[in-house]
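Close look at the chain arrangement
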Amino acid sequence: MDHFRIHGGIPLHGTVTIGGAKNAALPMLSACVLTPQRCVLHGVPRLHDVDTMLKLLTHVGVQWERNGNGGATVNAQAEKIAASEAPYTIVKTMRASSMILGPLLARTGHARVSLPGGCAIGARPMDQHLKAFKEMGAEITIEEGNIAARADRLRGVEITFDMVTVTGTENVMMAAVLAEGQTILNNAAREPEVVALAEMLSQMGARVVGAGTARITIDGVEQLHGTEVTIIPDRIQAGTYLIAAAMTNGDVAVENCPLSHLEALQTKLTEAGARIEKSAPTATPTVRVVGPRKLRSVDITTAPFPGYATDLQAQWMAAMTIADGASAITETIFENRFMHVAELRRMGAEITVDGHTAIVKSVAKLSGAPLMATDLRASASLVLAALAAEGQSDIQRVYHIDRGYERIEEQLYSLGARIERVR
Ligand code: EPZ
């Protein structure tokens, strides 16, 4: 099992280019099921989770191939649906597979999708997804751990989510585009990945208004046609590199950086003393981040977009362990997203957790140590901490990080980090 060996204490310098967003690619690949025509997706990241989604599409009967530069382009065509199902063997490795439910239900009128179990960061139920499908007229039963859904044709209704759910919004939006009548989603997720999916659906002939706001209106159509899209850059990947540069007293240019999707982080980095300069007023500029000798401590509270992203909480905590002062980090989205605390403590961090809030007290330095990755973003936080620490760290179970970061060790190596993947 691969692990990372990192010798820390080296400021990062150089340029890194951000790839396509995992959390946009996954729903957009699912959306290919909604039409028998060909869809072309450019800028699809080479990630383990994307490979899992492609395996699921194969299982469903979608013909696809990767080509283009470095395989970043995926041609997919769901001419026929061979199996309207997502088996446990696939869903257990990636809960986002459950986003195939809406498209299958809309396309075929039935679907059998394994209920995803919990995961390291929380129970992550799907009750909001299922409640919406039931309100749209689907018959939903749970059979041997599977969601069995049937609906001759879904009908548009007004739905209000009890809480903001990103994949819930995406799953239901993909079901609604082929439903009879109008669907209104209240308390919808506003994430850029939701907007990207809505744009793809609209290009396919769907009628979606309001994506990016808390109220999305979808007027169902009879059928959708194929399209060609480019995946938006990954704001969480970009944010991870911005924090890495800031906390290692570095000077890094982040290319293809969706800064407009990172306003909350940009505010916090500036408050903490990092300098952020953008090259041009485009949506994805090159952003230069210069870290101070020592960051100032700054509190964060995670929230749905456009608030501070929960997927950047662990990375911020790593930065705050060596910042000047004490900071409070409050996690409001998931109930167990402090798995990185125990590992950071092994490096000498001083962190106390009280419910949903972690208090991080400044220490002069972190010390390298043997570490264990537990989930995708916690792993990223350990890599960042190891980069800033004195001495050597060995991080086990890096398959977690390969789910969401393309060749992170190569990217960091090119920024001057002493990091290697040990097989
Ligand atoms: C998406 O997960 C992302 N994954 C997550 O990124 C991200 O952390 C999360 O949104 C929040 O931004 C993808 O987009 C593939 P939610 P999702 O539904 O949709 C509760 C990463 O690291 N909830 O917005 O599964 C849920 O338990 C991953 O890339 C219900 O109770 O998250 C959580 O506490 C990790 N019932 C909260 O809502 C439901 O039916 C938000 O979850 C749905 C959600």
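In this text, all values refer to a predicted model and were calculated from it rather than measured experimentally.

Reading the values: rules and limits
- Residues numbered from 1 in each chain as written.
- Predicted model: local features only at pLDDT ≥ 70, side-chain atom pairs only at ≥ 80, totals over all residues.
- Heavy atoms only, no water.
- Helix = DSSP H or I, 4+ residues; strand = E, 2+ residues; numbered from the N terminus.
- Buried < 20%, exposed > 50% of the residue type's maximum accessible area, 1.4 Å probe, protein only.
- Contact = heavy atoms within 4.5 Å.
- Axes fitted to C-alpha atoms, helices over the stretch in contact; angles between N-to-C directions.
- Parallel < 35°, antiparallel > 145°, perpendicular 65-115°, else oblique.
- Left-handed = near helix turned anticlockwise from the far one by under 90°.
- Nonpolar A, V, L, I, M, F, W, Y, C, P; charged D, E, K, R; others polar.
- 1 Å grid on protein atoms, 1.4 Å probe; cavity = no way out; pocket = protein on both sides within 12 Å on 5 of 7 lines; lining within 4 Å.
- Points joined across faces, edges and corners; volume = space filled by probe spheres on them.
- Near = heavy atom within 4 Å.
- Polar contact = N/O pair within 3.5 Å; in protein donor to acceptor, adjacent residues only side chain to side chain.
- Areas by Shrake-Rupley, 256 points an atom, 1.4 Å probe, with all protein chains shown as cover.

1. Focus on the side chain of Thr227
Considering the arrangement of structural elements, one finds Thr227 in the loop between strand E13 (215–219) and strand E14 (228–230). Judged by its relative accessible area of 12%, Thr227 is buried. In contact with Thr227, not counting residues within four places along its chain, are Arg38, Cys39, Val40, Met200, Gln203 and Met204.

2. Focus: the packing of helix H8 (residues 235–247) against helix H12 (residues 376–388)
Where H8 meets H12, the closest approach of the two axes is 9 Å, and the angle between their N-to-C directions is 20°. Considered as vectors, H8 and H12 are oriented roughly parallel to each other. By crossing handedness, the relation of H8 to H12 is classed as right-handed. Contacts from Ile236, Thr240, Ile243, Ala244 and Met247 of H8 reach H12 at Arg377, Ala380, Leu384, Ala385 and Ala388. For the contact of H8 with H12, the residue count by class is eight nonpolar, one polar and one charged.

3. Quick look at the layout of surface pockets
Roughly 360 Å³ of volume is contained in the second largest pocket. Around the second largest pocket, the lining is made up of 21 residues, and of these Met247, Thr248, Arg293, Ile322 and Ala388 lie nearest the centre. For the lining of the second largest pocket, the secondary structure elements donating two or more residues are H8 and H12. Its residues assigned to classes, the lining of the second largest pocket shows 14 nonpolar, three polar and four charged.

4. Observations regarding the site of the ligand
Around the ligand, the structure places 21 residues, and the nearest of them are Asp127, Thr165, Thr167, Asp311 and Ile333. One nitrogen or oxygen atom from the side chain of Lys22 is found 2.9 Å from an oxygen atom belonging to the ligand. Contact distances for the ligand include 2.6 Å between an oxygen atom and a side-chain N or O atom of Thr167. Protein contacts shield 88% of the accessible area of the ligand, which totals 830 Å² for the unbound molecule. For the shell around the ligand, the elements supplying multiple residues, two or more each, are helix H1 (22–31), helix H5 (127–135), helix H6 (166–176) and H12. The biggest single contributor to the shell around the ligand is H5, with three residues.

Such coordinate-based values are descriptive only and should not be taken to indicate function.
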